Amino acid sequence: QVQLVESGGGLVQPGGSLRLSCAASGNIVSITSMGWYRQAPGKERELVATRISGGTTNYVGSVKGRFTITRDTAKNTVCVQMNSLKPEETTIYYCNAEVTTRWDSTDFGPYRSWGPGTQVTVSS
């Protein structure tokens, strides 16, 4: 019932910048939070940055001061501006949203929805 469409991934040189965007669509009643995670092969999925509806933001310590997350509630989108990227941040990034959806007058949730993942490669 919810689709998360990701964009902005790609190849960038060390020290460069990328902006990842995610748009949610479907029978959405509300979105409690939206954000980005990343997962390298053989490693746990890691929270990168999230923003909840009340405005609170959370960042993994390694990206503080370099990444900035924003939400546009009206458009059901979230973006993360990633500056000064490092090679070790090469991995797949996943959009996530905690959503409540409606089907046949019944609300479901909140539950997590995930995007398909977008590749970010930081290399010279």
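Higher on the page you've got the structure.
Summary of the structure given here. Every value quoted in this text rests on a predicted model; they were computed, and no experiment measured them.

Quick word on the overall build of the protein chain
Helices and strands together make up the secondary structure of the protein chain, namely zero helices and eleven strands. Taking 124 residues into account, the globule formula puts the C-alpha radius of gyration at 14 Å, and the protein chain, at 15 Å, falls close to it. If one aligns the C-alpha atoms of the protein chain with their principal axes, the spans along those axes are about 50 × 25 × 25 Å. Put simply, the protein chain has 124 residues, and 37% of those count as buried. Contacts in the protein chain between residues far apart in sequence, at least 24 positions, make up 57% of those at least 6 positions apart. Considering the protein chain, the positive charge centre built from 12 side chains and the negative charge centre built from 9 side chains are found 7 Å apart.

Digging into the state of the cysteines
As used in these notes, a disulfide is a covalent bond between sulfur atoms, one from each of two cysteines. Going through the model one piece at a time under the given rule, you end up with one disulfide. Not engaged in a disulfide, the cysteine C79 finds its nearest cysteine sulfur in C22; these two sulfurs lie 8.8 Å apart. A relative accessible area of 13% means that C79 is categorised as buried.

Structural notes on the sheet that holds strand β1 (residues 2-7)
Read across the open sheet, the four strands follow the order β1-β3-β8-β7; overall the sheet is antiparallel. Of all the strands in the sheet, the pair left with one neighbour each is β1 and β7 (67-72). When the angles between neighbouring strand axes are averaged without regard to direction, this sheet yields 15°. Note: β7 against strand β8 (residues 77-82), six bridges, orientation antiparallel. Its bridge partner lying in β8, T70 is registered against C79.

Rules behind the numbers
Residues numbered from 1 in each chain as written. Predicted model: local features only at pLDDT ≥ 70, side-chain atom pairs only at ≥ 80, totals over all residues. Heavy atoms only, no water. Helix = DSSP H or I, 4+ residues; strand = E, 2+ residues; numbered from the N terminus. Rg over C-alpha atoms; globule rule 2.2 N^0.38 Å. Buried < 20%, exposed > 50% of the residue type's maximum accessible area, 1.4 Å probe, protein only. Contact = heavy atoms within 4.5 Å. Lys, Arg positive; Asp, Glu negative; His and termini not counted. Charge placed at Lys NZ, Arg CZ, Asp CG, Glu CD. Disulfide = S-S within 2.5 Å. Pairing = 2+ DSSP bridges. Axes fitted to C-alpha atoms, helices over the stretch in contact; angles between N-to-C directions.

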